[in-house]
Amino acid sequence: MSDFEQISLLTIDNQSLSLGTVLQYFQLSGKLMPWIRDILEQHIVFQTIQSRNDLNILESEVDQAVINFRINNQLSDADVFEQWLINQGIDFAVLRSRFVIGLKVDKLKALIAEPNLQALFDQQKLALDQVELYYMIAASQEIAEEIQHKIEQESNFEKVAREYALAEEPQVSLVRRTFSLAQLPEDLRAAIAQKQAGDTVGAIEVEQRWCVFRIEAVVPAVLEGELKLALQNQLFEQWVADQIQQLSVRLGGSQLAEASAVETEERELVATM
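## Some remarks on the nonpolar core
Ile49, Leu108, Phe236, Trp239 and Val240 are the most contacted members of the largest nonpolar core, which totals 18 residues. Mapped by element, the contributors of at least two residues to this core are helix H2 (19-28), helix H3 (32-51), helix H6 (92-128) and helix H10 (225-245). The biggest single contributor to this core is H3, with 6 residues.

## Examining the confidence of the model for the protein
Summary statistics for the protein give a mean pLDDT of 86 and a share of 91% for residues scoring 70 or more. Segment residues 254-273: pLDDT under 50, and 42 contacts once partners within four positions in sequence are set aside and those in other chains are kept.

## Brief notes about the side chain of Ser18
Relative to the elements of secondary structure, Ser18 occurs in strand E2 (residues 15-18). Within polar-contact distance, the side chain of Ser18 engages the backbone nitrogen of Thr21 at 3.1 Å. Once residues within four sequence positions are removed from consideration, Ser18 is found in contact with Phe4, Glu5, Ile7, Ser8 and Leu9.

## A look at the packing of H6 against H10
At a minimum axis distance of 7 Å, the contact between H6 and H10 shows a crossing angle of 115 degrees. Relative to H10, the element H6 lies roughly perpendicular. The two elements H6 and H10 meet at a crossing, and its hand is right-handed. In this structure, H6 contributes Leu108, Lys109, Ala110, Ile112, Ala113, Asn116, Leu117, Leu120, Phe121, Gln124 and Leu128 to the contact, and H10 contributes Leu227, Lys228, Leu231, Gln232, Asn233, Gln234, Leu235, Phe236 and Trp239. Partitioned by chemical class, the residues of the contact of H6 with H10 number 13 nonpolar, 5 polar and 2 charged.

Calculation notes
Residues numbered from 1 in each chain as written. Predicted model: local features only at pLDDT ≥ 70, side-chain atom pairs only at ≥ 80, totals over all residues. Heavy atoms only, no water. Core = buried A, V, L, I, M, F, W, Y, C linked by side-chain atoms within 4.5 Å. Buried < 20%, exposed > 50% of the residue type's maximum accessible area, 1.4 Å probe, protein only. Helix = DSSP H or I, 4+ residues; strand = E, 2+ residues; numbered from the N terminus. pLDDT = per-residue confidence, 0-100. Contact = heavy atoms within 4.5 Å. Polar contact = N/O pair within 3.5 Å; in protein donor to acceptor, adjacent residues only side chain to side chain. Axes fitted to C-alpha atoms, helices over the stretch in contact; angles between N-to-C directions. Parallel < 35°, antiparallel > 145°, perpendicular 65-115°, else oblique. Left-handed = near helix turned anticlockwise from the far one by under 90°. Nonpolar A, V, L, I, M, F, W, Y, C, P; charged D, E, K, R; others polar.

In structure tokens:
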């Protein structure tokens, strides 16, 4: 680790901080391993971007990204924008380069994810589908079962709900909410699977509360928009993790068998300083 002590990384109030000291700070704060992993991830992404020729970005795409950024961050005014650049310690060329890299990373994510995107969506679709529920939370199991029996007799969920909610001593609270199927308890999810919009489900105990549900709408997941981006990110993160496992990494002059072995070197860092 002596080599680390010879490398000046920062000067703070005329005090030079060596790379070894900075690494020690990170190690003692528990941030060394996450920092090293971030470096490995950035290395993989940048190396991949430089090695591929299918990530071309149009000038107009970069210009639009910059415009959107300025609008969204209230930086449309030229003077305000210039002061923001100064505060960030960058110039416009650096900012523009960030957007170029960001757009290329987005395109890389899409290309990496594409072969497995549909399969992952199909695998998770049941959990990604959503259901809108209107339900009564009853004061007891007996009341919930009484409500369900009354609904079966009168075939009018709304009327029964108002009757119990507006009673002199209300016996239920009413909630309308949209859930992903993955959020629901297994028994409720199984019951809903046998029903359709407009049907009633209950009485069912959920988190020690007895409820009667009406299915307002079932919204199947669609592979687009934010969901598509989330699944692309999931596949891309897995791809990066797989790439890291194949790296041979050195911390200082020591050869490490795999990226995870950096942790061993980390434990030795403080003792050698």
